[in-house]
Structures are given as structure tokens and as C-alpha cells.
Amino acid sequence: MPALKVHIQPGGETLVNVDTIFFTDPTHLRRTVTLLGHAVRLDARPVTYTWVHGDGTKASTSNPGRPYPSKDVTHQYAQPGTDLRARVDTTYRVRYSVDGGGWAELDETLTAAGPTAILDVDEAAPVLTH
């Protein structure tokens, strides 16, 4: 199954208590392979996205999120951190057809862990000037 890359906005660096946007580019896999001399058609579609934030928390959604200005999938970091490793794990529902026959669905879903993206979380304090 395709391991999807997580996109984070703002990229590379964010602030404590600020909405950080997460999204990915979903892939619907359609492929035919030959297995033991049989043509096997595969159809795998993402059904769950598990957002691993890198701070010990995670959240699951049924949608892949979208870039700013959308805030479909966000996370607020509670503490500053350096080199946090965020990723998205994508769970697929798979169906298959052998030699042109009817479609059958796998009993189990399949999950692909995405590559990590490095993120720093900083604190900012307001400063009054005149």
C-alpha cells in the first residue's frame, strides 16, 4: 500500500497553542498483478488517516485534510519541542478480482506508515512596544 507523505503548515516550525494544519495527498490504488499465473485486479482506497503528531499524541480522521485556509485536520501542541517526527499512517480497504471474476473484499484492512516529517515547536510571548 502507498505510504503517504504528511504535509504540515506552517512547514518545519510552528508555535505552542496555535492550530497546525496537517494534510496528505490521498492515493486510490488500482493495479493488476500476476500471481501464480492468475491476473489479480486490486483496488485499495484509503478509509482512515491516523495523524501522528510527534509529541506522543495522535488523531484519526476519514478525510485527508487540505492545505490552508482549510482547517480540516489541525493539532495544537501544548509544549515546545525540537525535531518532533510527525507522519500520517493510512489505512486502506482492499478489494480484489481474480481472472476477471467478481470483486471480493479482504476481511482485514491494511495500514501503511508514512515517512516522518521533522517539526520544531516553539513558544512565543507577546511584547508591548510604544
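Just above, that's the structure.
Residues numbered from 1 in each chain as written. Predicted model: local features only at pLDDT ≥ 70, side-chain atom pairs only at ≥ 80, totals over all residues. Heavy atoms only, no water.

**Student:** Would you mind going over the side chain of H53 with me for this structure?
**Tutor:** Note that H53 resides in the loop between β5 (38-52) and β6 (58-61). By relative accessible area, which is 3% here, H53 ends up buried. Polar side-chain contacts of H53 include one of 2.8 Å to the side chain of T57. Non-local contacts of H53, meaning those with residues more than four positions away in its chain, are made with F22, K58, A59, H75, Y77, L84, R85 and A86. (Helix = DSSP H or I, 4+ residues; strand = E, 2+ residues; numbered from the N terminus. Buried < 20%, exposed > 50% of the residue type's maximum accessible area, 1.4 Å probe, protein only. Polar contact = N/O pair within 3.5 Å; in protein donor to acceptor, adjacent residues only side chain to side chain. Contact = heavy atoms within 4.5 Å.)

**Student:** For this particular structure, what's the right way to read a nonpolar patch on the surface?
**Tutor:** On the surface, M1, L106 and L110 cluster together into a nonpolar patch covering about 220 Å² of accessible area. Position of L110 relative to the elements: it lies in strand β10 (residues 110-113). (Patch = residues over 30% accessible without salt bridge, like charges linked within 9 Å, V, L, I, M, F, W, Y side chains within 5 Å. Areas by Shrake-Rupley, 256 points an atom, 1.4 Å probe, with all protein chains shown as cover. Salt bridge = Lys/Arg side-chain N within 4 Å of Asp/Glu carboxyl O.)

**Student:** Whenever I open this one, the pattern of salt bridges confuses me. Can you help?
**Tutor:** Pairs can form between side chains of opposite charge once their charged atoms are near each other. The tally for this structure, following the rule as stated, stands at 6 salt bridges. A salt bridge links R30 to D43; the shortest N-O distance between them is 3.6 Å. With R30 in strand β4 (residues 29-35) and D43 in strand β5, the pair connects residues that are 13 residues apart, well separated along the chain. Relative accessible area serves as the criterion here: at 8%, D43 is assigned to the buried category. Among the ionic contacts, a cluster of salt bridges with common partners joins R30, D43 and R95.

**Student:** Got a minute to help me understand the sheet that holds strand β3 (residues 20-23) in this structure?
**Tutor:** Backbone-to-backbone hydrogen bonds pair the strands of a sheet. The strands run either parallel or antiparallel. Spatial strand order, β1-β3-β7: 3 strands in an open sheet with antiparallel pairing. Whereas interior strands pair on both sides, the edge strands pair on one side only; in this sheet they are β1 (7-9) and β7 (74-75). Where β3 lies against β7, 2 bridges are found, and the strand directions are antiparallel. Each bridged residue has a counterpart across the sheet, and for T20 the counterpart in β7 is H75. (Pairing = 2+ DSSP bridges.)

**Student:** Could you clarify how one ought to interpret the packing of aromatic side chains in this entry?
**Tutor:** Centre-to-centre distance and the angle between the planes together describe a pair of aromatic rings. Per the stated rule, a full pass over the model turns up 2 aromatic pairs. Seen in terms of ring centroids, Y49 and W51 are 6.1 Å apart; in terms of plane orientation they differ by 25°. Their pairing is stacked. Joined through ring pairs, the aromatic side chains of F22, Y49 and W51 make up one cluster. Here the guanidinium or amino end of R95 rests over the ring plane of W103, the centre of that ring lying 4.0 Å away. (Phe/Tyr/Trp six-rings, centres within 6.5 Å; stacked < 30°, edge-to-face > 60°. Lys NZ or Arg CZ within 6 Å of the ring centre and 35° of its normal.)

**Student:** What is the right way to read unusual backbone geometry from this model?
**Tutor:** Only a minority of non-glycine residues have a phi that is not negative, and only a minority of peptide bonds are not trans. Note that the residue after Q9, namely P10, is joined by a cis bond; omega there is -5°. Secondary-structure assignment places P10 in the loop between β1 and β2 (13-15). Cis rather than trans, the peptide bond between Y68 and P69 has omega equal to 20°. Tracing the sequence through the fold places P69 in the loop between β6 and β7. Phi at D83 is positive, roughly 55°, even though this residue is not glycine. On the secondary structure map, D83 appears in strand β8 (residues 81-98). Positive phi, close to 50°, is recorded for D99, a residue that is not glycine.

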